[in-house]
Amino acid sequence: MNNPSYQNNVIGFLDDATDKVSKRIGGFPILGTISQMKHYIEYYRIESLFIAMPSATSERVSQIIKDSHEYNIEVKILNQSEDLLSEYDVKKNIRPITIADILGRTEIHLDNDEIKRLVQGESVLVTGAAGSIGSELCRQILKYNPKRLVMIDINENGLYQLQNELGFDQKSGKIDSSIELVCLILSICDKHEINKAFREFKPVIIFHAAAHKHVPFMEDTPAEAIKNNIFGTNNLIKSAKEFKVKTFVSISTDKAVNPTNVMGATKRFIEKMIQSMTGHSETKFVAVRFGNVLGSNGSVVPLFTRQIENGGPVTVTHRDMVRYFMTIPEAVSLVLQAATFGHGGELFVLDMGEPVKIYDLATKMIRLAGFEPQRDIKIEITGLRPGEKLFEELLMSEEGLRPTDNELIFVAKPLDVDEAEVQSDLELLKKSLDKETTRSEVIELLKQVVDTYQPEE
Ligand SMILES: NC(=O)c1ccc[n+]([C@@H]2O[C@H](COP(=O)([O-])OP(=O)(O)OC[C@H]3O[C@@H](n4cnc5c(N)ncnc54)[C@H](O)[C@@H]3O)[C@@H](O)[C@H]2O)c1
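Read on for an overview of the structure. (Residues numbered from 1 in each chain as written. Predicted model: local features only at pLDDT ≥ 70, side-chain atom pairs only at ≥ 80, totals over all residues. Heavy atoms only, no water.)

Take the sheet that holds strand β8 (residues 148-153) next. Spatially, nine strands are ordered β9-β8-β7-β10-β11-β12-β17-β21-β20 in an open sheet, and the strand pairing comes out mixed. The outermost strands of the open sheet, each flanked by one partner alone, are β9 (180-185) and β20 (401-403). The sheet shows a mean angle of 25° between the axes of neighbouring strands, direction not considered. Sheet topology note: the strand β11 (residues 247-253)/strand β12 (residues 284-290) ladder contains seven bridges and is parallel. Looking across to β12, one finds that T247 is bridged to K284. In this fold helix α7 (residues 132-142) packs onto β7 (123-127), β8, β9, β10 (205-208), β11 and β12, with an angle of close to 165° to the strand it touches most, β7. (Pairing = 2+ DSSP bridges. Helix = DSSP H or I, 4+ residues; strand = E, 2+ residues; numbered from the N terminus. Axes fitted to C-alpha atoms, helices over the stretch in contact; angles between N-to-C directions. Contact = heavy atoms within 4.5 Å.)

Structure below.
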C-alpha cells in the first residue's frame, strides 16, 4: 500500500477480525469484514483487489477469488509463504492469481526431519531432471542439503536451463554453495553410460522421473515406449542393485491403472518390476503413483493458456472428462515424504483430492484471462483421443489402500509379483525391439505381460 502508484486510489482494508473494523492502517480505514466484500466492491466500484492472507487456507482464498469473479476487477494475491520478512519480500511476492488458486489446494504437512535424514549429506540422482517432475524434485531435494545432486536427462536445453537456475540460486545463497551439482546429458537407455555415472558419482538415492509420457505419441510408436520406459528403467534398476543404492523411487502415474494405452501399460509394467523387488535386493525399490499435476510440460493448462492467448477456441476432448490435479510442488513434496516411508517393494498412491471437470477448468481459465466463455472465446469439444479415458482411476480393485503417517499418502496392498516372471516377461518384450516386429505384434506382447492392459480397438 506504500507503493506510490496505488496510494491515491486505496479505499481501505477488509479483515475478518471484527474488533479491528473502523481502525486505520497507514491512514486507511478497515472498512468491514471479508464477508462484506461484495458490498464494498459494488459500493466503491473497486477496480483492484489484493488478497494478503498468507496464513489463510487455500480453500478460503479460492472462495474469495470465486466471489470476486462476479465482478470485472483485477485480483492479485500475496504468496502463501513463511519467508515474508521485509516490505521488499511482500512486494516481490504479490502476483496475479493462477488457476491453482482458483481450484483451491489441500494443505500438505510434511515431516521435514525425516526427509532431511534421508537426503542430507548424500549423493542423490534424478533422472528426467529437465522435466516438470524431475526439475521440481531437484529444487526440493536441494533444500535438504545433499552432498551431491546428479541430474540426468536427454533434453540438453532443458537441463541447461535448470543448471542456470540452480547455479544462480547457489550464487545468491538460496542453495548451499557447497553442494556439488552434476548435469549429465545421457539416456537411461544407454546401459554403459548409466553404469559409468553410478560408478563415478555413487548415488545413494535415485528418483526416477525420466519417461516418454505423451499418450498419443506412444500409441504410434509402442516399441519406443517399451525401449525407453521399460528397458531404460531396467538399466537403472540393474545399476542400482550392482552399486548397492539405498533407495530407488520410481515415479508412476494413474494411467498405469487398468491401462487403455501403451504409455500406461509400460508404466504398469515398471510398477510390477518395482513390486517384484520385495526382499530380493539391498536396495529399497518403491513406486509413487499419482494423477495429473497442474501445468506440467505438454499438459492441459499450458495448452489452454496458449489457446486463450490465440483467441481460442479452447479444445476439450469430452464434456464429462475429469482429471485429478495437484500442483507439481505438492506432488513432489509428497514423493519425497513417501521415499522416507519405503521398506522396499511398496507402491505408494497419493490422495489427489476431488477430480476436476476439464470443461470447468477451461471455463475458469477463460474467465481468469478476463474473457467470457463461448462469447469471447469458444470451447470446442473435439472427441476422445486414442487410448484416452474419461475418468482416471488411482487404484486397481485388488490393491486396497492402507494409510501411512501422512494423510495424503496411501500404500497399496502388496501384490505378489514374481521376480522370475518379470525377468521372463522382459525377455519376451525384447521381441518388440526387433525391427521386423509390427505395431500390432508389439501391442500383443504388451498385453501378455500386463494382464490389466485393455487397448481400445
Ligand atoms: N505430468 C503429470 O501430470 C504426471 C502425473 C503423474 C505422473 N507423472 C509421471 O512422471 C514422469 C515425468 O513426467 P513429467 O510430467 O515430468 O514429464 P516431462 O516430459 O516433463 O519429463 C520427462 C523428462 O524425461 C526425460 N527423458 C525421457 N526419456 C529419457 C531418457 N531415455 N533418458 C534420459 N531422460 C529422458 C525427458 O527429456 C524429460 O525431460 C512420467 O513418468 C510421468 O508418467 C507425470
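On to the pairing of β8. Within β8, six of the six residues are buried, leaving the element largely enclosed by the surrounding structure. By the alternation rule, side chains of β8 split into R148, V150 and I152 and L149, M151 and D153, which are all buried. In terms of strand pairing, β7 meets β8 through five bridges, oriented parallel. Bridged to V126 within β8 is M151. Taken together, β7, α7 and β8 form a β-α-β motif whose crossover is right-handed. With six bridges connecting them, β8 and β9 associate as parallel partners. Each residue of the ladder has a partner; that of M151, found in β9, is C183. Once you follow β8 into helix α8 (residues 156-171) and on to β9, the crossover reads as right-handed. (Buried < 20%, exposed > 50% of the residue type's maximum accessible area, 1.4 Å probe, protein only. Right-handed = clockwise from strand over helix to strand, strands pointing away.)

To continue, consider the site of the ligand. Every one of the 26 residues lining the ligand counts as a neighbour, but I133, D153, N228, K267 and N297 are closest to it. I154 has a polar backbone atom sitting 3.4 Å from a nitrogen atom of the ligand. Within the backbone of I188, a nitrogen or oxygen atom sits 3.0 Å from a nitrogen atom of the ligand. Within the complex, the protein chains bury 92% of what would otherwise be the 820 Å² of accessible surface of the ligand. Elements supplying a minimum of two residues to the shell around the ligand: α7 and β11. With three residues, the single largest contributor to the shell around the ligand is β11. (Near = heavy atom within 4 Å. Polar contact = N/O pair within 3.5 Å; in protein donor to acceptor, adjacent residues only side chain to side chain. Areas by Shrake-Rupley, 256 points an atom, 1.4 Å probe, with all protein chains shown as cover.)

Shape is all these values report; function is a separate question.
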